Amino acid sequence: MSASNHAAAAPAEAPVKRGPGVMTLIKGLAFVSVIVLIEVAAATALLPSAEDTRQAGVQLNAAARGAAAESAEAAEESVHSDPSDHAEASHQPTVEQSMGLYHVIAFNPATGASMSVDFELFGVVLAADEAEFSERFGLHSKRLNEQVTIAIRGMESADFTDPGLGLIKRVVLEKVNRALGKPLVREAVFSEFAFIER
């Protein structure tokens, strides 16, 4: 046998490499399964029971009710805190300041009707605040006009049939004071109020 024949025969005799055996795969699956079971057991041990969860919910509800009651009491105390302040404010002299003439037209696409609302708006201001009101009104009159127009357009036709215009007065008063940047206006008053729905 020559050396070249011996070299050619050597690779043929080398063992063939095979993939991992079935036992190796089973061991890997068993290892992963054990890890998952340990994690599930740890999570189960750390999670609260159904009774613990229920008790925590009851405690949170009680705390929320207590906080709501405290805030309601605080709001009531602020309203009734010092009657002399309210009496003092109601006995101070007030003046009516004109905030402009308004002609607002609003279209309701749901009903196909349009509303036309005309009025002159006055604000009741403490006489002591008259100068500050005039200054702020001069600075913010355009924004105030816009806010009042938006408020009127947002109303339903039923709101305009209320003889006292209570909701409209409250909404307009809020918008006016927000536009002024300070609650200087005590009451909104409408003059020559006209409402037509077509």
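Above this note sits the structure.
My aim in this report is to walk through the structure given alongside it, one point at a time. The structure displayed is predicted, hence computed values, not measured ones.

Some remarks on helix α7 (residues 166-180)
Taking 1.5 Å of rise per residue, the 15 residues of α7 would be expected to cover 21 Å, and the 21 Å separating its terminal C-alpha atoms lies within 8% of that figure. All buried positions along α7 are accounted for by I168, V172, K175, V176, N177, A179 and L180. Packing partners of the buried residues in α7 comprise β1 (94-108), β2 (113-126), α5 (130-153), α6 (157-160) and β3 (185-197). G181 occupies a position one or two residues after α7 and carries a positive phi of about 85°.

Some remarks on α5
With 24 residues, α5 should cover 34 Å at 1.5 Å per step; its first-to-last C-alpha distance of 29 Å lies more than 12% under that length. When the local axis directions of α5 are compared, the greatest deviation, roughly 75°, occurs at H140. The secondary structure elements touched by the buried residues of α5 are β1, β2, α6, α7 and β3.

Points about the sheet that holds β1
Spatial ordering of the open sheet is given by β1-β2-β3, a layout of three strands whose pairing is antiparallel. One side of each edge strand has no neighbouring strand; the edge strands of this open sheet are β1 and β3. Each strand of the sheet is rotated relative to its neighbour by a mean of 20°, with strand direction disregarded. For β1 and β2, the ladder comprises 13 bridges, and the chain directions are antiparallel.

Here's the deal with a nonpolar patch on the surface
A surface patch of nonpolar side chains, amounting to about 630 Å² of accessible area, comprises F31, V32, V34, I35, V36, I38 and V40. Take V40: it is sitting in helix α2 (residues 22-46).

A few points about unusual backbone geometry
Phi angles above zero are rare outside glycine, and L165 is one such case at about 50°. The topology assignment puts L165 in the loop between α6 and α7. Residue L165 is classed as buried on the basis of its relative accessible area, which comes to 8%. A positive phi angle, near 55°, is found at E192, a position not held by glycine. Looking at where E192 falls in the secondary structure, it is placed in strand β3.

How each quantity is defined
- Residues numbered from 1 in each chain as written.
- Predicted model: local features only at pLDDT ≥ 70, side-chain atom pairs only at ≥ 80, totals over all residues.
- Heavy atoms only, no water.
- Helix = DSSP H or I, 4+ residues; strand = E, 2+ residues; numbered from the N terminus.
- Expected span 1.5 Å × (residues − 1).
- Buried < 20%, exposed > 50% of the residue type's maximum accessible area, 1.4 Å probe, protein only.
- Contact = heavy atoms within 4.5 Å.
- Bend = angle between axes of the 7 residues up to and from the residue.
- Pairing = 2+ DSSP bridges.
- Axes fitted to C-alpha atoms, helices over the stretch in contact; angles between N-to-C directions.
- Patch = residues over 30% accessible without salt bridge, like charges linked within 9 Å, V, L, I, M, F, W, Y side chains within 5 Å.
- Areas by Shrake-Rupley, 256 points an atom, 1.4 Å probe, with all protein chains shown as cover.
- Salt bridge = Lys/Arg side-chain N within 4 Å of Asp/Glu carboxyl O.

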